[in-house]
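Coordinate inspection notes
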Amino acid sequence: MSTGLTKSSSNGLGKPSSSMEEQEKINEVRRSLGPLTGNLFVYCSDASITRHLRARNWNVKKAIKMLKETLKWRSEYKPEEIRWDEVANEAETGKIYRLNCVDKCGRTVLVMRPSCENTKSTKGKIRYLVYCMENAILNLPADQEQMVWLIDFHGFNMSNISVKVTRETAHVLQDHYPERLGVAILYNPPKIFESFWMVVKPFLEPKTYRKVKFVYSDDLNTKKIMEDLFDMDTLESSFGGNNQVTFNINEYAERMREDDKRMPSFWARETPPVIAQPSAEPIPCFDSVNSKSDSNESDKEQPGNSSSHKVEYEEVLPENSLPEAHGSSSSAGEVHPPGEGITNNDQGLNQVQ
C-alpha cells in the first residue's frame with residue numbers, strides 16, 4: 001500500500017503529495033480520453049493535463065470532464081486555425097494586442113484597452129480574443145505556461161463594456177485556457193468601474209479573481225507592482241514605463257502574419273510536448289507564497305455562495321509585493337477597487353472586447 005498518497009487520493013480529490021501520485025493522476029486522465037489524433041493529440045501533453053487538474057484542484061473526474069469539453073470545443077471552434085486576416089478588423093484600434101516584450105518571468109503580455117472597442121459582434125470579439133490567446137501561447141518560452149494581461153482604462157466609460165461579452169470572455173478563459181493567466185493588471189480603473197466590477201465578479205473563480213491586481217499611476221505602492229513585473233525601459237509609457245513606442249496596426253499586422261506562418265509547425269509535432277517535471281507548478285515570478293488550496297471554492301457551481309477564501313499567490317508575486325490599491329481586503333492580498341466592500345464572489349476583470 002502506497003505511503004505517499006493523501007487520504008483523499010482514493011477518490012481523486014486534493015493535491016497529490018508526491019510527483020509519483022501526480023503522474024498517476026495525469027495518466028488516469030489520459031487513459032480516460034482514449035486514442036487521440038492530430039492537434040487534439042498534441043494538445044493533450046502532460047503539461048496541458050496538469051493545468052486542467054490544477055484548475056480542478058486535482059479532482060480527476062472534474063478535470064476529465066473539463067478537458068473533454070475543451071477537446072470538443074477545440075475540434076469544433078478550431079482556434080489554432082484562426083489567422084490574422086480573419087480578425088484584423090477587430091485589431092485596428094489596438095483594443096487587444098501582444099506586446100513585443102515579455103515580463104521579468106518571460107511571460108507574454110497582452111494589452112487590452114476597453115476604450116478602443118470598435119465592433120459590435122460578440123462572436124467577432126471572442127474570436128479575436130481566442131486568436132490573441134493562441135498567439136500568446138505560441139510565443140511563450142519553453143519554461144513558461146502563463147501570460148500577463150495589462151488592461152488600460154484610459155478613456156474608459158461604461159459604454160465600452162458589456163456583461164454579455166465579459167461573461168463569454170470568462171467562460172473561454174477559465175474553461176478552455178485553464179491556468180494560462182498569471183496575473184491581470186487593471187491600470188487606472190475609474191470610480192465608475194466599481195459597479196461593473198460587482199456585477200461581473202460572480203462569473204470568475206476565486207483562483208482567477210486573486211490574480212487581478214489594481215494599479216494606479218498616482219499610488220507609489222501599486223506602481224511597485226509594475227516595477228517588480230517589468231523592465232521599465234521596455235514597458236510602454238502608458239503603463240508607467242520608459243518606452244515611447246505606441247501601437248501601430250501595420251507593424252503589428254506584419255508580426256502577426258509572421259506568427260501565423262509558425263502556427264502549423266507548432267501543431268505538427270508527432271508527440272505531445274511533455275514538461276520535464278509533470279509535478280511542477282508553473283515557474284513563478286519571484287518567490288511564491290505557500291497557502292492553502294482553494295479546492296472547495298473553485299469547484300463550486302455557484303461562486304456567489306462561497307465563503308471568504310484564503311489567498312494563493314501562485315504564479316504571480318509574493319504577498320508583500322502586491323499591495324492593494326486604495327481598497328480593503330478580507331484576507332491578505334485580496335484586492336478590491338476603492339470603496340468596495342468585501343464580497344465572496346470571484347474576480348470580475350475580463351476586459352470588454
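Along each chain, the written sequence defines residue order, and numbers are assigned to residues from 1. The model is predicted, so local features are restricted to residues of pLDDT at least 70 and side-chain atom pairs to those at 80 or more, both for listing and for counting; the totals for chains, interfaces and linings are taken over all residues. Side-chain calculation: all heavy atoms of the structure are included, whereas hydrogens and water are not.

The protein appears in an unreviewed UniProt entry as CRAL-TRIO domain from Macleaya cordata.

1. Considerations on the side chain of glutamine 144
Selection rule: To qualify as a helix, a DSSP run of H or I must reach at least 4 residues; to qualify as a strand, a run of E must reach at least 2; elements of each kind are numbered from the N terminus. Throughout this description, buried means an accessible area under 20% of the type-specific maximum (1.4 Å probe, protein chains only), exposed means over 50%, and partly exposed covers the range between. In protein, a polar contact requires one atom able to donate a hydrogen and another able to accept it; more generally it is a pair of N or O atoms within 3.5 Å, and residues adjacent in sequence count only if both atoms are side-chain atoms.
Inspection of the secondary structure assignment puts glutamine 144 in the loop between helix 6 (122–138) and strand 3 (147–152). Relative accessible area serves as the criterion here: at 4%, glutamine 144 is assigned to the buried category. Here glutamine 146 takes part through its backbone nitrogen, which lies 3.5 Å from a polar atom of the side chain of glutamine 144.

2. Points about the packing of aromatic side chains
Which entries qualify depends on this criterion: Pairing of aromatic rings covers Phe, Tyr and Trp, the last through its six-membered ring, and needs centres within 6.5 Å; plane angles under 30 degrees mean stacked, over 60 mean edge-to-face, and all others mean tilted.
Within the structure shown, the criterion is met by 14 aromatic pairs. Ring centres 5.1 Å apart and planes at 15 degrees place the aromatic pair tryptophan 73 and tyrosine 77 in the stacked group. Taken together, the residues span about one helical turn, with tryptophan 73 and tyrosine 77 both in helix 4 (residues 60–77) at a distance of four residues. Residue classification places tryptophan 73 among the buried positions, given a relative accessible area of 14%. Its relative accessible area of 24% is what places tyrosine 77 among the partly exposed residues. Consider the rings of tyrosine 97 and phenylalanine 247, whose centres lie 4.7 Å apart with planes at 35 degrees: the pair is tilted. Within this pair, whereas tyrosine 97 is found in strand 1 (residues 96–102), its partner phenylalanine 247 is found in the loop between helix 10 (220–229) and helix 11 (249–266), the two being separated by 150 residues in sequence.

3. Quick notes on the pattern of salt bridges
Where we set the bar: Whenever a carboxyl oxygen of Asp or Glu lies within 4 Å of a side-chain nitrogen of Lys or Arg, that contact is scored as a salt bridge.
For the structure shown, the criterion picks out 22 salt bridges. Of the charged contacts in the structure, one is a salt bridge between glutamate 69 and lysine 65, with a shortest N-O distance of 2.8 Å. Taken together, the residues span about one helical turn, with glutamate 69 and lysine 65 both in helix 4 at a distance of four residues. Overall, the relative accessible area of 53% leaves lysine 65 in the exposed class. Where lysine 261 meets glutamate 258, a salt bridge forms, and the shortest distance between an N and an O atom there is 3.1 Å. Of this pair, lysine 261 and glutamate 258 are both found in helix 11, three residues apart, which corresponds to roughly one turn of the helix.

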